[in-house]
Every structure is written in structure tokens, then in C-alpha cells.
Amino acid sequence: MNLKHLPIFIAFFLHAFLLKAELRLPTIFGDNMILQRDSPIKLWGWAEKNETVHVQFMQQNLKAKADKNGQWNLTLAPTSHGGPYRLEIKGRKEQILLKNILVGEVWLASGQSNMEWIVKNSNNAASEISRANYPNIRSFNVEKNMSDVPKQDLNGKWEICSPATVGDFSAVGYFFALKLYQELGIPVGIINSSWGGTGVETWTSGNSFNKLPAHFNEPYKQALTGDLKGFMSENELKKQAYQQALVNDPGIAQKWYENNSDLSTWGKMNVPQLWEPKLDNIDGIVWFKRSIHLPKGSASKSASIHLGTIDDDDICWINGVKVGETKGYTFSRSYNIPKTVLKDGENIITVKIMDTGGGGGFYGTPAQLYLEIEGEKFPLDGEWNYKEAVTTKQHGYKEVSPNMFPSLLFNAMINPIIPYTIRGVIWYQGEHNAGQAYDYRTLFPNLIQDWRSHWNQEFPFYWVQLANYMAKEKSPEDSDWAKLRDAQTRTLRLAHTGQAVITDIGEADDIHPRNKQEVGRRLALIALSKDYGQKERVYSGPTFKSLVKADNKLIISFDATGGGLVVNNKYGYVEGFALAGADKKFVWARAHIEGNKIIVQADQIINPVFVRYAWSNNPDVNLFNKEGLPAVPFSNE
């Protein structure tokens, strides 16, 4: 070694040694945290190797010795709810003091975008936020991260629920916690570890996923031909080039927003739609342009343009004049048009869309795209011109998404909080896996068992079934979303599980229903009944029990009828049933209630064999129990 480098080497070595020797806790332990009541509380951290660590909490004084790797752990005795308390950890030279700790109920909330969805984007957000003064409800939002190996720590912090903080809480997690708190009067903590657009595979540990049948791994073998580290290194260079190109958008430099743009090199695409079917799975900047002919007298009138929802960000020009811009995929675009902008005759509309990940483009409904002039609407759906400006595909850059490989999110966003003591898990996921419902029958229960094995605890695991979504179907058809719901229902065979059915509160035009209050409440009903002693509380809608054939009719019996079956129809007709004979050619059926049974028949089916209820993407749902919970979709196939 060159001696002139020796001081630098020594300084580096000492810095690394001090970092390793530092007395510290995982980030999940912090000020304002909530610890699980009435259960042994796992506590762990790092110190200098062989160092003795002393812990004081309430009346408990314990100690643990760090191993040769500097890791230590101990278990605090169970304690009843209460607080605020302090937790003190002392090493040989350092100490940690955590303050304002409560003991209560702790639930892990996980899944994809509908669990990630925050309070300020939900129904009645302003009202909910203004009254959210609940200091005994707290949330730890796990910061997004991915890793190809299990990580030991993560980023995030505990937040006390208040009007200043609750807007960024998981909405489902918050409304679940709020219902529990209102019923129990006990502190409730939510650990929110969720990421939109993610599949169940990325939330499953590598050990568990690798034990599945070989075909589950096939998609990932095709995604990577070389070694992961080599791919990541090369991909990072491509990413830097891509990001630099984003700053120098050629569409801006060449003024594509002007009316005299040459469209000979532009493609054509029907709008609205996400651009993935047309452009592959690209992210980046794509420009859209179309003309619209306006009648004489349109100029100088009050007008506005409406573009529906766009993923993710947009800027809109009309006749070369910028009329508005929006960042974020959750907002519907509406821009006022200055009176000097529109012309009689041909007008040119240009929209620049920046997609930062996942789906990109216009994703609203055709009816949401129009230009309005003093109450008269001019449709804008249909064929538009488009041109790629800067995309990941152009630069050979692959966005490293959580779905690229299994276990990336388990490693980075779940493993670091194991074995933090929790009461149970609430889960909202499945949209991403809707095209692989049969595999989900294996993948989903496997995840539940996987997590329980890591915690060494058969904790409760409650999930939200997929909502109703997309257009109504004119005739009974098979449905990916119906099959996924069925896979979710089948998972109830595992002990200590529960399912909140929400096929009555989804939105046809939005995969993110805004009524998260009812979703959280229905999850809480399950927990209150199964975990908090309210065994008489009805927490499920009617569930299929059995059927009996009588001539050309099927008589269906249900469990979980609560106070009795009810139908939201003034004529008493139960919607959403379909019948088929042995050929499985389904037709819509008539159905009505007789006592606590449903009688189903169809004139076209003389010898009914098979029955489906609410078996479509967006089913008609009007069968409930008197407690207001919808019947669970089913098929006897």
C-alpha cells in the first residue's frame, strides 16, 4: 500500500468500525410507536460484538448480549394497553431513549394501490381530515424500496393521527383503525407497507416462492438472461441517459404543440386507453394531437376542455396556447380555455403525457373527453395522433419494478419488520393477478402461510375481495375478475382468515373506488367479531351453502344470513344470477327470496345444473343480509 494513502485507509476503517459498533434499533422502533398489548414484545437491534445491552420499559429491566455480528434481541413480557411510556436502551457507551410510546393493537396493512390509496384522495376527504384528531391512532408508512436480498432495516416513521398527518395515511388502514378505536377505546397502530400495481409474488419470500411448482418461476427466467448485478449495473447507465433525455424533451424544443407540426411521422391511437397495448410497457413522454372542427361563432365564447383521468402527468395546449397542466394520475383533467384561443373551424389540441411507471395515457371513459362551449359538448374520444418523445424503450432502459422478480418487496418492505409483534394483517391486493386466478389459488394462501411462518405466529389475516369494475356485461360471460374473487374466497379455508366483500361499492370507470370508509369498516367488523370478543356481530354477507334442484328451478341456501336476506329492489327481484345446463352455456336468470333461500330459474334452461351469482367484472349486486353486507359471489362449477 502506498503510505500516503494510509491515513485515509485508517480513517475509512475506523468509520466503518464505528458504524458497525453503533448501538441502534431498527427504524420500526421509534418515538410515537405503538406496541402490541397482551403479547410478548420482540425487541432487537445492533451493538458492538459481545456488548451487553440493558433495556428498561415500564417496570421491566432486561439485558441481552450482542453476538459476534453485533446483533442482539430480547422479549418484553406482555403488558396491557396504556401509555404514554418511554423505552430506554443502554450500551457500554451509548444509549437510546424513545418517547411517547403507547401499548395497544398493531396491524400490518399491505397490498397494492387500493391499500396504498391515501385519505386525502378518498370520499369526503376534507371532512374526514378536519375531524381526525385521534392521537391514540398512529401509522408507520414504510417507504418504498426493493431488494434482491432480505434487508435488515427500512425507512419510515411513526406519525400521530391529526388533521395535519392523516391525509397521507393509508385510507383503508386508517378507517379500519378508526372503527377499532371507536369500538374498543384502545390505541391502534397501523404499519402500512404497500405499493401500487404489485403482484402477490413480489410480497412472498424467496424461500417460500422457490418451493412452488416450477411453472411459477418461468416468467422470471425470461426476464433476465444474465446475472442480476450485471444487469442492474448496465441498466443504471441506461437510466441515467434516459433521465437526461427527459430534461431535454424534443417535443418542447421543436414546439410540437404548435399547429404547424408535421404529423407524417406520428402514429394513430384510439383514445381513451392506456398506451401499453399499442406501445409495449414503456414509460416516459408521449405526445398526442388531434384537430376538432368548431362551428361558426365558437371563437370568443366561454369554453373548457375535459380530458378525463391521465396517467401520470400532462400539459395541454390548444392552438399552440397552453391551457393547463396536472401532475398525478388520480385527478380528472378540466381546463378553462381563454376566450382568445378558440377559432371558428379547425382547432388543434395537443397533450403531452409523462408516465413515470405502470400504465400510461388516457384511462378515463369516452364520455369524459370533450370540449364544452357554453353548454354544448364536442366529443374528443376516438382517433388521435401520437408520437414518442422520450421513452424507456428508446434508451433500452427497463424500469426496475417490484414485479420484475419475486420477493423484491418482501425483502425490502416486510423482512425488516419481522418479528415486530403484531395482532394481524389486513390485505388489499389482487387486481394485478386478475389474469392468473388459477395460480392465485396457490400463490395467495402460500403468502399467508409464508408470513405466518416468518413471524412464527398464526395471526389473523383479513383481506378485501376485488371490487366491481369495468363495463356491465350484456350477457353472462366468464370473467378474470370473477375468477380472482373466487380464488380469494377459496383461501378462507385457511384458519383465522376473513374476507370483506365490496362488489357493491366499486366504480365502473375507476379501479380505485373512493369509498374507503366502508372498506375499512367491513374489515374491522371481521376483526371485532373474531379477535375482540364481539362474536355475535355479523361480519360477512350471505355465503353459498348448498343447493337443491326442484323441477326447472334451483333452491339455494346460504350461511351468514344475519337478520335475514334482503333485496334492494322494490319488486323483490334478485339480480346477478345466471343458470346453465350441463353444456355450461349460461343465461341470465330470474331469482327471488323465499324465507332465507333464493329460488332461481330461467325459461331457456329446462334442466339447470350450474348457477353463478355476481360472476362478472362488474356484477349487478342487490342481495344483502339485513346488516347491509352483500352476498359473496359464487359459482358451483
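Look above for the structure.
In this report, the structure presented in the accompanying data block is examined. Along each chain, residues carry numbers from 1 onward, in the same order as the chain's sequence is written. It should be noted that, the model being predicted, local features are given only for residues of pLDDT at least 70 and side-chain atom pairs only at 80 or more, the latter also being counted only at that level, while totals for whole chains, interfaces and linings use all residues. Note that the side-chain values use all heavy atoms of the structure and ignore hydrogens as well as water.

1. Focus: the nonpolar core
And step 1. The term nonpolar core refers to a set of buried residues drawn from Ala, Val, Leu, Ile, Met, Phe, Trp, Tyr and Cys, joined through side-chain atoms within 4.5 Å. Per-residue accessibility, obtained with a 1.4 Å probe over protein chains only, is compared with the maximum for each type, and a residue is labelled buried under 20%, exposed over 50%, and partly exposed between these values. Formed by 69 residues in total, the largest nonpolar core has its most connected members in F29, W72, I191, Y420, W427, W451 and F461.
And step 2. Considering every element that reaches this core, the biggest residue donor is helix α11 (residues 437–455), with 8 residues.
And step 3. When neighbours within four sequence positions are excluded, F461 is seen to be in contact with V425, W427, F444, L447, I448, W451, R452, H496, T497 and G498.
And step 4. Ranked by size, the runner-up nonpolar core spans 36 residues in total, among them Y134, F169, I426 and A527. Counting from the N terminus, the helices are DSSP H or I runs at least four residues long and the strands are E runs at least two residues long. Contacts are assigned to residue pairs that have any heavy atoms within 4.5 Å of one another.

2. Considerations on the packing of aromatic side chains
And step 1. Between the rings of Phe, Tyr and Trp (Trp by its six-membered ring), a pair exists once the centres lie within 6.5 Å; its type follows the angle of the planes, with under 30 degrees stacked, over 60 edge-to-face, and the other angles tilted. Evaluation of the coordinates by the stated rule reveals 38 aromatic pairs.
And step 2. Where F444 meets W463, the ring centres are 5.0 Å apart and the plane angle is 80 degrees; that geometry is what we call edge-to-face. Of this pair, F444 sits in helix α11 while W463 sits in strand β24 (residues 461–464), placing them 19 residues apart in sequence.
And step 3. Relative accessible area serves as the criterion here: at 0%, F444 is assigned to the buried category.
And step 4. The class of W463 is buried, set by a relative accessible area of 0%.
And step 5. Relative to F459, the ring of W455 has its centre 5.6 Å away and its plane inclined at 80 degrees; by these criteria the two rings are edge-to-face.
And step 6. A residue is classified by how much of its surface remains accessible, and W455, at 6% relative accessible area, is buried.
And step 7. Within the aromatic cluster, the residues linked to one another by ring pairs are W203, W427, Y440, F444, W451, W455, F459, F461 and W463.
And step 8. Lying across the ring of F610, K584 places its NZ or CZ 5.1 Å from the centre. To sit over a ring, a charge needs its Lys NZ or Arg CZ within 6 Å of the ring centre and within 35 degrees of the ring normal.

3. Comments concerning the packing of α11 against helix α12 (residues 480–490)
And step 1. Closest axis-to-axis distance for the α11/α12 pair is 8 Å, and the angle between their directions is 25 degrees. For the element pair α11 / α12, the angle class is roughly parallel. Both α11 and α12 take part in a crossing whose hand is right-handed. Mapping the contact onto sequence places A437, Y440 and R441 in α11 and D480, K483, L484, D486, A487, Q488 and R490 in α12. In this analysis an axis means a line fitted to C-alpha atoms, helices contributing only their contacting stretch, and an angle means the value between N-to-C directions, from 0 to 180 degrees. For this classification, under 35 degrees means roughly parallel, over 145 means roughly antiparallel, 65 to 115 means roughly perpendicular, and everything else is oblique. By convention the crossing between two helices is left-handed if the near helix lies anticlockwise of the far one by an angle smaller than a right angle, and right-handed if it lies clockwise.

4. A short note on the pattern of salt bridges
And step 1. Take a side-chain nitrogen of Lys or Arg and a carboxyl oxygen of Asp or Glu: if they are within 4 Å of each other, that pair is a salt bridge. The tally for this structure, following the rule as stated, stands at 29 salt bridges.
And step 2. Notably, a salt bridge pairs K99 with D31, separated by 3.9 Å at the nearest N-O pair. A residue pair is termed long-range when its members are at least 10 positions apart, and K99 in strand β7 (residues 95–111) and D31 in the loop between α1 (6–21) and β1 (34–36) qualify at 68 residues.
And step 3. Residue classification places K99 among the partly exposed residues on the basis of a relative accessible area of 39%.
And step 4. A relative accessible area of 32% means that D31 is categorised as partly exposed.
And step 5. Here R490 ties to D486 by a salt bridge, and the two come within 2.7 Å at their closest N and O atoms. Here R490 pairs with D486, and both are found in helix α12, just 4 residues apart, close to one helical turn.
And step 6. On the basis of relative accessibility, which here comes to 14%, the residue D486 falls in the buried class.

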